[in-house]
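# Working through the structure, step by step
Take a look at the letters that make up each chain.
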Amino acid sequence: MEQDQLEDEDNFPDDFIPCSYDFREITPAESASLYHLAGYYLQKVKKTLCEECIKEATTDDNTHLPHSTLTIMKEFKEGSLVRVSKAVFGMLLATERFLMF
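These figures come from a predicted structure and were not determined experimentally.

## With respect to the overall build of the chain
Looking only at helices and strands, the chain features 5 helices and 0 strands. Per-residue burial for the chain yields a buried fraction of 21% across its 101 residues. Contacts spanning at least 24 positions in sequence make up 69% of the contacts within the chain whose residues lie at least 6 apart. Carbon and sulfur atoms make up 55% of the accessible area of the chain, which totals about 7900 Å².

Structure below.
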């Protein structure tokens, strides 16, 4: 296909997929480990972040999501470990899936 044809979306053949990754699914254990590790790293860089960033990157939500199970089990007292927000964890999960490709 010529370059000028590629610039017009309507000219793409039906079977053309510009980016087709076959992502491997992350197991619940890997997800829990990633969540726990994300909290550890966030704790380490927290002192370099502004209050608004910390507020957006962490959560005090006590609803126990499946991927936070390991973190909850390792807490010696409630709130001693950092829980990352859904947005941060979603970004890290997407990155991990991409890097595992």
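## Side note on the confidence of the model for the chain
When pLDDT is averaged across the chain, the result is 77; 72% of the residues are at 70 or more. Helix α3 (residues 51–57) holds the highest mean pLDDT among the elements of the chain, 92, whereas helix α1 (residues 3–6) holds the lowest, 47.

## Quick notes on the side chain of His-67
You can see His-67 is positioned in the loop between α3 and α4 (69–74). Contact partners of His-67, with chain neighbours within four places excluded, come to Ser-31, Ala-32, Tyr-35 and Phe-89.

## Topic: the side chain of Thr-71
As for its placement among the helices and strands, Thr-71 is situated in helix α4. With residues near it in sequence (within four places) discarded, Thr-71 still touches Tyr-35, His-36, Leu-81, Val-82 and Arg-83.

## Points about the packing of aromatic side chains
Summed over the entire model, instances satisfying the criterion amount to 2 aromatic pairs. On the basis of an interplanar angle of 70 degrees and a centroid distance of 5.3 Å, the ring pair of Tyr-35 and Phe-89 is categorised as edge-to-face. One end of the pair, Tyr-35, is in helix α2 (residues 28–45); the other, Phe-89, is in helix α5 (residues 86–99), and 54 residues separate them in sequence. The burial state of Tyr-35 is the same as that of Phe-89; both residues are buried. Taking the centre distance of 5.6 Å and the plane angle of 65 degrees together, the rings of Tyr-40 and Tyr-41 count as edge-to-face. By relative accessible area, which is 46% here, Tyr-40 ends up partly exposed.

## Let's talk about the pattern of salt bridges
Applying the stated rule across the entire model yields 1 salt bridge. Of the charged contacts in the structure, one is a salt bridge between Glu-75 and Arg-83, with a shortest N-O distance of 3.0 Å. Taking relative accessible area as the criterion, Glu-75 reaches 13% and is therefore assigned buried.

The rules behind these values
Residues numbered from 1 in each chain as written. Predicted model: local features only at pLDDT ≥ 70, side-chain atom pairs only at ≥ 80, totals over all residues. Heavy atoms only, no water. Helix = DSSP H or I, 4+ residues; strand = E, 2+ residues; numbered from the N terminus. Buried < 20%, exposed > 50% of the residue type's maximum accessible area, 1.4 Å probe, protein only. Contact = heavy atoms within 4.5 Å. Areas by Shrake-Rupley, 256 points an atom, 1.4 Å probe, with all protein chains shown as cover. pLDDT = per-residue confidence, 0-100. Phe/Tyr/Trp six-rings, centres within 6.5 Å; stacked < 30°, edge-to-face > 60°. Salt bridge = Lys/Arg side-chain N within 4 Å of Asp/Glu carboxyl O.

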